[in-house]
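So the chains spell out like this:
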Amino acid sequence: MVNNVLVKDKFLFFDGAMGTMLQANGLKAGEIPEIYNITHPHIVQEIHEKYLLAGSDIITTNTFGANELKFKDTEYTASQIIEAAVKNARISIEGLKNNDKKRYIALDIGPIGQLLEPMGTLKFEEAYEIFKTQVVAGVNAGADVILIETMADTYEVKAAVLAAKENSSLPVFCTMTFGEDGRTLTGADPVTMVALLEGLKVDALGVNCSLGPKELLPIVEKILEYASIPVMVQANAGIPTIENGKTVFRVMPEEFTMYVKKMAELGVTVIGGCCGTTDKYIKTVIDELVKLKPKEITFKNHTLVSSGVRTAILGEGVNPIGERINPTGKKKLKEALKNNDLDYLLTEAINQKEAGAKILDVNVGLPEIDECKLMKKAIKEIQAIVDLPLQIDSVVPEVIENAVRIYNGKPIINSVNGKNEIMESIFPIAKKYGAVVVGLALDKNGIPPKAEQRLEIAQKIVEKAKEYGIDKKDIIIDCLVLTASFQQEESKETIKAVTLVKEELGVKTVLGVSNVSFGFPARQNLNKTYLAMTLYAGLDAPIINPLAEGIMETIAAFNVLTALDKEGTNYIKKYGDIKEEKVPVGTKLEKNLKEIVISGLKEEATNKTKELLKTVDSMDIINEFLIPALDVVGQRYERGELFLPQLIQSAETVKNSFAVIKDEILKSGEVQVSKGKVILATVYGDIHDIGKNIVKVLLQNYGFDVVDLGKDVPIELVVETAKKENIKLIGLSALMTMTVKNMEATIEALRKANLGCTVFVGGAVLNQEYADMIGADFYAKDARVSVNIAREFYGV
């Protein structure tokens, strides 16, 4: 066991690539690298030894893909592979001569290779169990550190970190992989990664793979701006290219080291290499950085709350929290919850986001329902269609814990108060899952009348949180709004309390603003005025109805008048050209099918399609509603206005509509016309089919027939299928650097067969230059581009 792997005044050096080193030592395309731990242990040991001699403090086991799913059809179990891998690493360390420092073994855990729900079919709990098996095997074998790496999905990362934390006491390092757009495959930016991983209390976080050190530099800078814990970087030796039939990395050790040194000077303290790097790269880096002293890691006082792709930073402008997903006083929502009608709830979520909410409060508490079960379902459904962070609102600790566990991101818990028993039940949950907590300024005596008394309770909450290891940046104080119809003086004291809490405690604040107007006519007049007053007093996150007249306008005006909206840019953009008639507050606007698909409301899409089929031809529905909706979603995806979860949700919504249409076509006896056939395959030796599956969903929704050959597809099968089915368009996918060679071989085989096929390729390790080098006709940087290629090819 390692008690202190991280050393404050020294850099910590990991090793470099394993896969490309194995290739250089005889690993053939299509072979499973992890099996070498058992079949060729001496080769694995020699690679470890080279990195140890180069100066690595930590060597990483050859277990990147050693999970149950990958090895279920092999003669070995994942646990056997891990045991052998740790043994190989230990033999290498013990065999060192003149070992002058302590060396450690990191259990390497990579992505599972399947998308988690709601984007895919793998459940969060199933992913957790897969990672748990790996962790337990690694601990039992004697690993010193757990390295979770090359992750592209924050939800999968959370499952892995929880499995590591709950089944071991080892230090946990975690890195994610980002594209040139500064986001992961599923859309997370660096700040969102920091919010999640720092909240989950990993020991170091950072970035690896995908890009070279030069391209990673801006991403690393953003991470360092927000991270208060050690930052780790393991860059590729650039983007791979093919030269004389071999995979080559163009960034040499000296150039690699130059950029790594810049990162170290900025504050990176844990350093290694990824694809294409060797022991020479690591030695060059160590020789250069031995001249440097690591930059001191500083505390960053940012209150971050996040979804899986988006982060709200409290204290940077006003962050309105939408209040409408709460059954209190809402008859329709109550009925919807009783009937398990989540589409009503989802519509509320979408409407609030469109109105300008930055965070959504979610409360489903009714005595006649299973609140725990419904809360979990609601969280998953909302996160599938809306990318805003959520505030989980319940008085039942069990409900809160179950919800924050399956939540993708860093949520807000609403709430604790000054009662010890409440804090003692909620703070351990917040600590474990890294949540921000709302603290209500009340105790067993109720809400104090004076601001100073509320400050005392707030201070008690902050101090109690500290006892649980929760920093005050993760506490938001609610000074509590009282109704002016009954407690005018006390409602004034709330404003004073907000200022006191901000000045004396330095924490962020939240208020349920509309409470002030209960019992009065023309409530919005009071709400708008009180909102403006509390914002000026220092309110960071008003809990409001963003659809109510004048509320978001008040916030927009406040941002201009306090110079939060520089030059009034956002205000002018929003209000500078308003020509449409104002819709009365409370008016329900019915969405058409196109809008329903864009919003990702699956059940509504089913019902609306059935309704339209009574009067509209099925092909007209497809061409006038479904395809245009997918086009809009695709364009927003390309502009970075929505991300992969929302893209897939809309695609799945279209599938619901198509299912209804297909049933109608079968009944009528019509012949459905395909827009063309496409073969999709993840190349031989590669078991990662996430990208391929995303492309499949979109192509099918656009009316193409997809022949999905799956993953780890033999070259001959691709050629045989193309010939037998007479399919002229083929899409090939690869995630791993070592399997791209098989992509080239597949293209060569298709050309030799003279089938006249057009091939498009995609995958994390590819770019346009690489696609050209291996002879592909098109490079598809994402699923949306794949659809455009198919449409162009078939002229539809």
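Residues numbered from 1 in each chain as written. Predicted model: local features only at pLDDT ≥ 70, side-chain atom pairs only at ≥ 80, totals over all residues. Heavy atoms only, no water.

## Observations regarding the packing of helix α23 (residues 602-612) against helix α25 (residues 644-668)
Between α23 and α25, whose axes approach to 8 Å, the crossing angle comes to 30 degrees. Judged by the inter-axis angle, α23 sits roughly parallel to α25. Where α23 crosses over α25, the handedness of that crossing is right-handed. Along its contact with α23, which presents Lys-602, Glu-603, Ala-605, Thr-606, Thr-609 and Lys-610, the element α25 presents Gln-649, Glu-652, Thr-653, Asn-656, Ser-657, Val-660 and Ile-661. (Axes fitted to C-alpha atoms, helices over the stretch in contact; angles between N-to-C directions. Helix = DSSP H or I, 4+ residues; strand = E, 2+ residues; numbered from the N terminus. Parallel < 35°, antiparallel > 145°, perpendicular 65-115°, else oblique. Left-handed = near helix turned anticlockwise from the far one by under 90°. Contact = heavy atoms within 4.5 Å.)

## Concerning helix α24 (residues 618-638)
Its 21 residues place the ends of α24 29 Å apart at the C-alpha level, agreeing with the 30 Å of an ideal helix rising 1.5 Å per residue. Approximately 25 degrees is the largest bend angle found in α24, and it occurs at Leu-626, with the proline Pro-628 only one to four residues beyond. Of the residues trailing α24, Gly-640 is marked for its positive phi of about 75 degrees. (Expected span 1.5 Å × (residues − 1). Bend = angle between axes of the 7 residues up to and from the residue.)

## Some details on the sheet that holds strand β2 (residues 58-60)
The strand order across the open sheet built from 8 strands is β1-β10-β7-β6-β5-β4-β3-β2, with neighbouring strands paired in parallel fashion. Strand pairing shows two members of the sheet lacking a second neighbour, β1 (12-13) and β2, which therefore form its edges. One ladder, built from 4 bridges, connects strand β3 (residues 104-109) with strand β4 (residues 145-151); its direction is parallel. If you follow Ala-106 over to β4, its bridge partner there is Val-145. Against the sheet, helix α7 (residues 154-167) contacts β4 and β5 (172-176), and its axis sits at roughly 170 degrees relative to β4. (Pairing = 2+ DSSP bridges.)

## Structural notes on the pairing of strand β12 (residues 311-314)
On a regular strand, each side chain points to the face opposite its neighbour's, so the side chains alternate between the two faces of the sheet. Alternating positions in β12 separate into two faces, Thr-311 and Ile-313 on one and Ala-312 and Leu-314 on the other, with burial throughout. The pairing of strand β11 (residues 303-306) with β12 spans 4 bridges and is antiparallel. When the sheet's bridge partners are listed, Thr-303 is paired in β12 with Leu-314. The hairpin turn running from β11 into β12, its antiparallel successor, is 4 residues long. (Buried < 20%, exposed > 50% of the residue type's maximum accessible area, 1.4 Å probe, protein only.)

## Side note on a negative patch on the surface
Judged by side-chain charge, Glu-180, Asp-181, Glu-215 and Glu-255 come together as a negatively charged surface patch. For Glu-180, the position within the fold is in the loop between β5 and α8 (190-199). On the basis of relative accessibility, which here comes to 71%, the residue Glu-180 falls in the exposed class. (Patch = residues over 30% accessible without salt bridge, like charges linked within 9 Å, V, L, I, M, F, W, Y side chains within 5 Å. Areas by Shrake-Rupley, 256 points an atom, 1.4 Å probe, with all protein chains shown as cover. Salt bridge = Lys/Arg side-chain N within 4 Å of Asp/Glu carboxyl O. Lys, Arg positive; Asp, Glu negative; His and termini not counted. Charge placed at Lys NZ, Arg CZ, Asp CG, Glu CD.)

## Remarks on the packing of aromatic side chains
Enumeration according to the criterion identifies 8 aromatic pairs in this entry. Considering the side-chain rings of Phe-11 and Phe-13, the 6.2 Å spacing of their centres and the 40 degrees angle between planes classify their relative orientation as tilted. Three or more aromatic residues joined by ring pairs form one cluster here, namely Phe-704, Phe-793 and Tyr-794. Its guanidinium or amino end placed over the ring of Tyr-128, Arg-405 lies 5.1 Å from that ring's centre, counting from NZ or CZ. (Phe/Tyr/Trp six-rings, centres within 6.5 Å; stacked < 30°, edge-to-face > 60°. Lys NZ or Arg CZ within 6 Å of the ring centre and 35° of its normal.)

## A word on the pattern of salt bridges
Using the criterion set out here, one finds 35 salt bridges in the structure. Across the salt bridge formed by Asp-57 and Lys-101, the nearest N and O atoms sit 2.9 Å from each other. Taken together, the residues span a long stretch of sequence, with Asp-57 in the loop between α3 (41-54) and β2 and Lys-101 in the loop between α5 (78-94) and β3 at a distance of 44 residues. With relative accessibility at 8%, the residue Asp-57 sits in the buried group. Lys-655 is paired through a salt bridge with Glu-652; the nearest N and O atoms lie 3.6 Å apart. Taken as a pair, Lys-655 and Glu-652 lie in helix α25 at a separation of 3 residues, close to a single helical turn. On the basis of relative accessible area, Lys-655 is assigned to the partly exposed category, the value being 35%.

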